[in-house]
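A closer look at the structure
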Amino acid sequence: MFTGIIESIGTVAAVKMQRGDMQLYIRTGGLDLSDVAIGDSIATNGVCLTVIALPGDGFWADVSVETLVHTNFAQVEAGSRVNLEKALLPTTRMGGHIVTGHVDALGQIVERSQDARSIKYLVKAGSNIARYIAAKGSITVDGVSLTVNSVERDQFSLNIVPHTAAQTLLAEYQVGSTVHLEVDIIARYMERLLNNSQQQASASSRHSGVDMAKLAEFGFLK
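Criteria and cut-off values
- Residues numbered from 1 in each chain as written.
- Predicted model: local features only at pLDDT ≥ 70, side-chain atom pairs only at ≥ 80, totals over all residues.
- Heavy atoms only, no water.
- Helix = DSSP H or I, 4+ residues; strand = E, 2+ residues; numbered from the N terminus.
- Buried < 20%, exposed > 50% of the residue type's maximum accessible area, 1.4 Å probe, protein only.
- Contact = heavy atoms within 4.5 Å.
- Areas by Shrake-Rupley, 256 points an atom, 1.4 Å probe, with all protein chains shown as cover.
- Pairing = 2+ DSSP bridges.
- Axes fitted to C-alpha atoms, helices over the stretch in contact; angles between N-to-C directions.

1. Some thoughts on the overall build of the protein chain
Of the regular secondary structure elements, the protein chain holds five helices and twelve strands. Here the protein chain, with 222 residues, has 39% of them falling under the buried criterion. A fraction of 68% describes how many contacts in the protein chain between residues 6 or more apart in sequence connect residues 24 or more apart. On the protein chain, roughly 12400 Å² of surface is accessible, and the fraction owed to carbon and sulfur atoms is 52%.

2. Brief notes about the sheet that holds strand β11 (residues 155–160)
Adjacent strands of a sheet form backbone hydrogen bonds with each other and so pair up, either parallel or antiparallel. Ordered in space as β7-β8-β11-β10-β9-β12, the six strands form a closed barrel in which the pairing is antiparallel. Each strand of the sheet is rotated relative to its neighbour by a mean of 45°, with strand direction disregarded. Both strand β9 (residues 138–141) and strand β10 (residues 144–152) contribute to a ladder of four bridges, which runs antiparallel. Looking across to β10, one finds that V141 is bridged to V144.

3. As for unusual backbone geometry
Phi is positive for K136, close to 70°, though the residue is something other than glycine. Relative to the assigned elements, K136 resides in the loop between α2 (127–130) and β9. In this structure, D142 is a non-glycine residue whose phi angle is positive, near 50°. Take D142: it is sitting in the loop between β9 and β10.

Right, dumping it as structure tokens:
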């Protein structure tokens, strides 16, 4: 689990294709790896990757076919920069929101403008996840926990304040850039719970409803 508060910007040092999937070597810059062990998770542009080797100045990670299909990692190259966050500890401040590192969809920047000292983006999310996005709710964009300004159909707007722009890669994005989106986990589970409740209520209604057979059983029909 993560908080969406970026700790460092790393650089892709090597990309290895491995029989249909991929291995990435990420140099982690100023990220402290002294408490990271093999098997730990590091969010890389919002994607939860498992550390498989620690050469000293970064980490190696496997990237599965599933991850390649649902992210833009298939286009990543040596030299690409990425937002990094280590998995949270029980003592970590929850400065953002609960982030799993499981990407829901790719979004696209459709507008960029200046809003006083902030950068304002309009992002197209896609109709498959738009229902999970709420004004003033949380969303993760390339691993960064952000507050949604407004939502209209399948697009939402964001303000990137100067501190976030300086500490992440968000200031580099232009119209047409693709980004990893992860919706608030609470929204996903709420939908699941509500759907199950509605299905159970519907089934219960069918089973307990009065029909001709039940009327005959209790002597109301002859």
